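# Architecture and fold: a report
Listed below, chain by chain, are the residues.
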Amino acid sequence: MGRIAVGDTIPDGTLSYADEAHQVVNVSVHSIAAGKQVILVGVPGAFTPGCSLKHVPGFIEKAEELKSKGISEIFVLSVNDPYVMKGWAKSYPENKHLKFLSDSSAAYIKSLGLELDVSDKGYGTRSERFALLLDDLQVKVANVETGGQLKVSTAEDMLKAL
């Protein structure tokens, strides 16, 4: 399969998070996205400047507005381990709606065709920066950034699409 596109059914896969007891919990993408409208936000790395200072805060700020337009869940996905994602989530005390999920081996990102090879910088395989709007597992909007930019995958872009 190539890159995920509008009209595609999102593939199933396993993502994870660390719960309050520091146990890793695995979740199926289909189990968390079936039957509802969700936004899947992919970022190259937790705690990185573009992701931490602009991309994720925009979704935190606009989460209630997105929910008022029918979005059930907003998931932030990165190729980091579940404990890093938990720590990153805790760095946003104002967050009430975003859920941070780990794809630590990049297996799911690869199944979407959205992997980013940054081995030349010593980071290995990461995720492209993107925002997908899903409606009952169908891709309705697929906004993927190029060259590390933040021009099409913002919360404002998702609001315009609803």
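I will try to describe carefully the structure that is included in this document. Model, not experiment: these values are computed from the prediction.

### As for the pairing of strand β9 (residues 138-144)
With six bridges connecting them, strand β8 (residues 130-135) and β9 associate as antiparallel partners. Bridge assignment links L133 to a residue of β9, and that residue is V141. From the end of β8 to the start of β9, which pair antiparallel, there are two residues, and D136 there has a positive phi angle of about 50°.

### Examining helix α3 (residues 82-90)
Where α3 is concerned, the buried positions are P82, M85, K86 and W88. Buried residues along α3 cover an arc of 165° about the axis, so they all sit on one side.

### Focus on the pattern of salt bridges
Per the counting criterion, the structure on display carries four salt bridges. Between K36 and E73 there is a salt bridge, with the nearest N and O atoms lying 4.0 Å from each other. Within this pair, whereas K36 is found in the loop between α1 (29-33) and β3 (37-43), its partner E73 is found in strand β4 (residues 71-78), the two being separated by 37 residues in sequence. Among the ionic contacts, a cluster of salt bridges with common partners joins K36, E73 and K99.

### Details of the side chain of N143
Among the secondary structure elements, N143 is positioned in strand β9. Assessed through its relative accessible area of 18%, N143 is described here as buried. Side-chain polar atoms of N143 contact the backbone oxygen of V152, separated by 2.8 Å. Ignoring any residue separated from it by four or fewer positions in sequence, one finds N143 in contact with R129, F130, A131, V152, S153, D157 and M158.

### A closer look at unusual backbone geometry
Phi angles above zero are rare outside glycine, and F47 is one such case at about 65°. Relative to the elements of secondary structure, F47 occurs in the loop between β3 and α2 (49-68). With phi around 70°, A106 is a residue other than glycine that occupies positive phi space. Relative to the assigned elements, A106 resides in the loop between β5 (98-102) and α4 (107-112). The exposure class assigned to A106 is buried, which follows from its relative accessible area of 1%.

Each value, and the rule that gives it
- Residues numbered from 1 in each chain as written.
- Predicted model: local features only at pLDDT ≥ 70, side-chain atom pairs only at ≥ 80, totals over all residues.
- Heavy atoms only, no water.
- Pairing = 2+ DSSP bridges.
- Helix = DSSP H or I, 4+ residues; strand = E, 2+ residues; numbered from the N terminus.
- Buried < 20%, exposed > 50% of the residue type's maximum accessible area, 1.4 Å probe, protein only.
- Arc of directions from axis to C-beta.
- Salt bridge = Lys/Arg side-chain N within 4 Å of Asp/Glu carboxyl O.
- Polar contact = N/O pair within 3.5 Å; in protein donor to acceptor, adjacent residues only side chain to side chain.
- Contact = heavy atoms within 4.5 Å.

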